[in-house]
Amino acid sequence: MATTTRADSTHANARNDSVGGTEPTPLAERRLAPGTRHAYGRALLRLDGWLGGRPVTDESLADYLATLFDRGLAPASAATAVAAAKDRARREGAASPAGTRTADALSAYRRDGAGRGPGQVAGIQWEDSDRMADLAEGCGNVRGLRDALLIRIMSDGMLRVSEAEALDVADIALSKRKLLVTIRRSKTDQDGKGVVFCGGPDTARLARKWLVLLTTLNLPLLSTRNCAL
């Protein structure tokens, strides 16, 4: 009778993991950003609903892209659907359903649907942000001071809302001459390498008043993440 040792079992498990023979580990799942996983999940729900139980093949995926195109969706929606189908196949250890026909359909989609999509929202002009900050500071209260500083920091660094929300007290370095603000992670910095930018004179003035106010009011929660501003 053949026996199986612990070493044999470990070797077999390692071999299965390396070729995708087992379910993906949670760590492998986390190779994608949460937003990407969410987008893929929604795309697969729509794709599976359209398929109605049929398998995902190169032909059916290309036909699905044609349906999306006829509905007026942007090329990004088509690209997400293809990427989601390929990712699921990879996780299941199956061959990618996206072949030549899908590639040709996606290429034509991007060419003919280049003008589709909501596009980029027009940014706020610096003059407008300065006026908003002045109005907030003019309120003469704690919230107004906080809002004025936040507006000026976002304007100086051209920050996204998510980047501003993640600011902590430790991310603000203030000296007599300048204000340095550290953005630890952003949409374009998934590895968290970080970037530092210099705030303007008015921003430094507000930051100095805000930091003094934190000490004066003894508000401990403002020293934790997401509570700096």
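A short tour of the structure in this document, coming up. Just so you know, these numbers come straight off a predicted model, no measurement behind them. (Residues numbered from 1 in each chain as written. Predicted model: local features only at pLDDT ≥ 70, side-chain atom pairs only at ≥ 80, totals over all residues. Heavy atoms only, no water.)

**Concerning the sheet that holds strand β3 (residues 195-199)**
Okay, so step 1: On the basis of which strands lie adjacent, the open sheet formed by 3 strands has the order β1-β2-β3 and antiparallel pairing. Of all the strands in the sheet, the pair left with one neighbour each is β1 (172-174) and β3. For this sheet, the mean inter-axis angle between neighbouring strands, taken without regard to orientation, is 25°.
Okay, so step 2: In terms of strand pairing, strand β2 (residues 179-183) meets β3 through 5 bridges, oriented antiparallel. Within β3, the position partnered with isoleucine 183 by the bridge is valine 195. (Pairing = 2+ DSSP bridges. Helix = DSSP H or I, 4+ residues; strand = E, 2+ residues; numbered from the N terminus. Axes fitted to C-alpha atoms, helices over the stretch in contact; angles between N-to-C directions.)

**What to know about the packing of helix α7 (residues 126-137) against helix α8 (residues 142-157)**
Okay, so step 1: Where α7 meets α8, the axes come as close as 7 Å, and the angle between the chain directions of the two elements is 165°. Here α7 is positioned roughly antiparallel relative to α8, judged by the angle of their axes. Relative to α8, the crossing made by α7 is left-handed. Between α7 and α8, the residues in contact are Trp126, Ser129, Asp130, Met132, Ala133, Asp134, Ala136 and Glu137 and Gly144, Leu145, Asp147, Ala148, Ile151, Arg152 and Ser155, respectively.
Okay, so step 2: Here the residues of the contact of α7 with α8 are counted per class, giving 7 nonpolar, 3 polar and 5 charged. (Parallel < 35°, antiparallel > 145°, perpendicular 65-115°, else oblique. Left-handed = near helix turned anticlockwise from the far one by under 90°. Contact = heavy atoms within 4.5 Å. Nonpolar A, V, L, I, M, F, W, Y, C, P; charged D, E, K, R; others polar.)

**Description of α8**
Okay, so step 1: Taking 1.5 Å of rise per residue, 16 residues should cover 22 Å, and α8 covers 23 Å from first to last C-alpha, within 8% of that figure.
Okay, so step 2: For α8, every residue scored as buried is listed here: Gly144, Leu145, Ala148, Leu149, Ile151, Arg152, Ile153 and Ser155.
Okay, so step 3: The backbone nitrogen of arginine 143 lies 3.4 Å from a side-chain oxygen of the residue at the head of α8, namely asparagine 141.
Okay, so step 4: Just downstream of α8, methionine 158 is the residue with a positive phi angle, here 50°. (Expected span 1.5 Å × (residues − 1). Buried < 20%, exposed > 50% of the residue type's maximum accessible area, 1.4 Å probe, protein only. Polar contact = N/O pair within 3.5 Å; in protein donor to acceptor, adjacent residues only side chain to side chain.)

In short, geometric facts, not functional conclusions.
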